[in-house]
Amino acid sequence: MELKVQSVVKSFGEKEVLKNISFSAQSGKALGLLGRNGAGKTTTIRIIMGVFLADSGEVLIDGKPIDRNKFQIGYLPEERGLYPKKIITEQLMYLAMLRGLSKKEAKDACDHWLERMGMSDYKNKKLETLSKGNQQKIQLAATLMCNPDLVILDEPFSGLDPVNAMLLKDVIKEMIDGGAIVLFSSHQMNYIEEFCDSIAILNGGKIVLNGRISEIKRQYPRDTIAITSSQYDKISSFVIQKTSDCIESANVSKDEENTVIIKLKNAGFKNRIMTALADNGFDIDCFKVCEPSLNDIFVEYTEDGI
């Protein structure tokens, strides 16, 4: 299954918020929809959900206009939207029935997701009596009650402690493995890198970068390597003395423990360095090409944005 946002334009008054944006997302994979505040992410999400109509362009599922009566969307908003003074089970069932589930289906889904979130003991309590992290888990349960085809997660890890963050990670991975399309919006780039196969970066209402993360990173120079070893000092001296024709510099990293960062004169020299180190019996824990972080890429493409 493929979700495609195609040539979408949206203005509010004289302000053009989305400027002919296009991207696609596949079932069984996660797409990171990224951008600074005001870039157009929320407007894009609302058009996908049918809250706003696009001025022009389309939202397609497998090449056909999306039918939101048949295509279930689960949305976890950044600003949580449940009722603090209502009983948890009552509001979860109510929301599920609004989305087409029968009363029995809603009860079964409610029981399942409360148990999956470790929240069964709280089902008859008011939402406001729960901690912020547990309220977040209830919000996620509400998002997934209808077994959505598309899951939209906007800053899903906000307010979660490490244990609850791990639970949420497991649930997201289950949704991806189960064939859902997952659209992930967050400023926490470590989570985007962990879950997402592809990204689409919005800047000033335009898509400025779109594609698979691995392919995007390979477009950058691959002429810097990092070598981690307990013998990092000896390795630094060795490459400077014995392979000087291959390198521009070799420095012990200030950020990564026991690691030497080597700048090559040519990316093709990395195999020669690796062979020389192996032939001389160095004990190496890790040898890798230094790639830009997703955070670095994000800043590069958005620093002149809104």
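Notes on the structure in this doc start here.

Further remarks concern the pattern of salt bridges. As enumerated under the stated definition, the model contains 14 salt bridges in all. For the salt bridge of R212 with E215, the shortest nitrogen-to-oxygen distance reads 3.7 Å. By relative accessible area, which is 47% here, E215 ends up partly exposed. Among the salt bridges present, the one from E256 reaches K288, with a minimum N-O distance of 3.8 Å. In this pair, E256 is assigned in the loop between β12 (247-252) and β13 (259-264) and K288 in strand β14 (residues 286-289), connecting sequence segments 32 residues apart. Taking relative accessible area as the criterion, K288 reaches 37% and is therefore assigned partly exposed. One salt-bridge network, in which partners are shared between bridges, spans K169, K173 and E194.

Bringing the sheet that holds strand β3 (residues 30-35) into the picture now. Read from one edge of the open sheet, 6 strands run β6-β7-β8-β3-β9-β10, paired in mixed fashion. Taken across any chain shown, the strands that pair with only one partner, and hence form the sheet edges, are β6 (73-76) and β10 (206-212). Across this sheet, the average inter-strand angle for adjacent strands is 15°, counted without regard to direction. Both β3 and strand β9 (residues 198-203) contribute to a ladder of 5 bridges, which runs parallel. Residue pairing in the sheet places L33 in a bridge with A200 of β9.

Generally speaking, a soluble globular protein has its nonpolar side chains buried in company with each other. M117, I138, F157, F184 and I199 are the most contacted members of the largest nonpolar core, which totals 53 residues. If near-sequence neighbours (up to four positions away) are discounted, F157 is found in contact with Q136, A165, L168, K169, I172, F184, Q188, Y191 and F195. Formed by 25 residues, the second largest nonpolar core is a distinct cluster that contains I45, F71, L150 and I152.

Moving on, we come to a negative patch on the surface. Negative charge collects at one region of the surface, where D296, E300, E303 and D304 lie side by side. Examined against the element boundaries, D296 turns out to sit in helix α10 (residues 294-302). Look at D296 and you get partly exposed, because its relative accessible area is 44%.

What follows is about the packing of helix α2 (residues 88-98) against helix α3 (residues 103-116). Running from N to C, α2 and α3 point in directions that differ by 125°, and their axes come no closer than 9 Å. As far as their axial angle goes, α3 and α2 are oblique. As for how α2 packs across α3, the hand of that crossing is right-handed. Seen from α2, the contacting residues are I88, T89, L92, M93, A96 and M97; seen from α3, they are K103, A106, K107, C110 and L114. Partitioned by chemical class, the residues of the contact of α2 with α3 number 8 nonpolar, 1 polar and 2 charged.

Here we take up the side chain of S229. Here S229 shows up in the loop between β11 (224-228) and α8 (232-242). The class for S229 is buried, based on a relative accessible area of 0%. Apart from the residues lying within four places of it in its own chain, the contact partners of S229 are I235, N258, D283, I284 and D285.

Bringing the pairing of β3 into the picture now. Summarising burial for β3: 6 of the 6 residues are buried, a large majority. With burial as the criterion, each face of β3 is covered, one bearing A30, G32 and L34 and the other bearing L31, L33 and G35. Here β3 runs beside strand β8 (residues 181-185); their pairing, made up of 3 bridges, is parallel. Paired with A30 across the bridge in β8 is V182.

Strand pairs in the sheet, formed through backbone hydrogen bonds, run parallel or antiparallel to each other. Here we have 4 strands laid out as an open sheet, ordered β12-β13-β11-β14, and antiparallel in their pairing. The open sheet terminates on both sides in strands that have one partner only, identified here as β12 and β14. Averaged over all neighbouring strand pairs, the angle between strand axes comes to 15°, with direction disregarded. Judged from the 4 bridges that link them, β11 and β14 form a sheet pairing that is antiparallel. Among the inter-strand pairings, A226 is bridged to a residue of β14, identified as K288. Where helix α9 (residues 270-279) meets the sheet, it contacts β11, β12, β13 and β14, and its direction lies at approximately 170° from that of β14.

Analysis parameters
Residues numbered from 1 in each chain as written. Predicted model: local features only at pLDDT ≥ 70, side-chain atom pairs only at ≥ 80, totals over all residues. Heavy atoms only, no water. Salt bridge = Lys/Arg side-chain N within 4 Å of Asp/Glu carboxyl O. Buried < 20%, exposed > 50% of the residue type's maximum accessible area, 1.4 Å probe, protein only. Helix = DSSP H or I, 4+ residues; strand = E, 2+ residues; numbered from the N terminus. Pairing = 2+ DSSP bridges. Axes fitted to C-alpha atoms, helices over the stretch in contact; angles between N-to-C directions. Core = buried A, V, L, I, M, F, W, Y, C linked by side-chain atoms within 4.5 Å. Contact = heavy atoms within 4.5 Å. Patch = residues over 30% accessible without salt bridge, like charges linked within 9 Å, V, L, I, M, F, W, Y side chains within 5 Å. Areas by Shrake-Rupley, 256 points an atom, 1.4 Å probe, with all protein chains shown as cover. Lys, Arg positive; Asp, Glu negative; His and termini not counted. Charge placed at Lys NZ, Arg CZ, Asp CG, Glu CD. Parallel < 35°, antiparallel > 145°, perpendicular 65-115°, else oblique. Left-handed = near helix turned anticlockwise from the far one by under 90°. Nonpolar A, V, L, I, M, F, W, Y, C, P; charged D, E, K, R; others polar.

In short, geometric facts, not functional conclusions.
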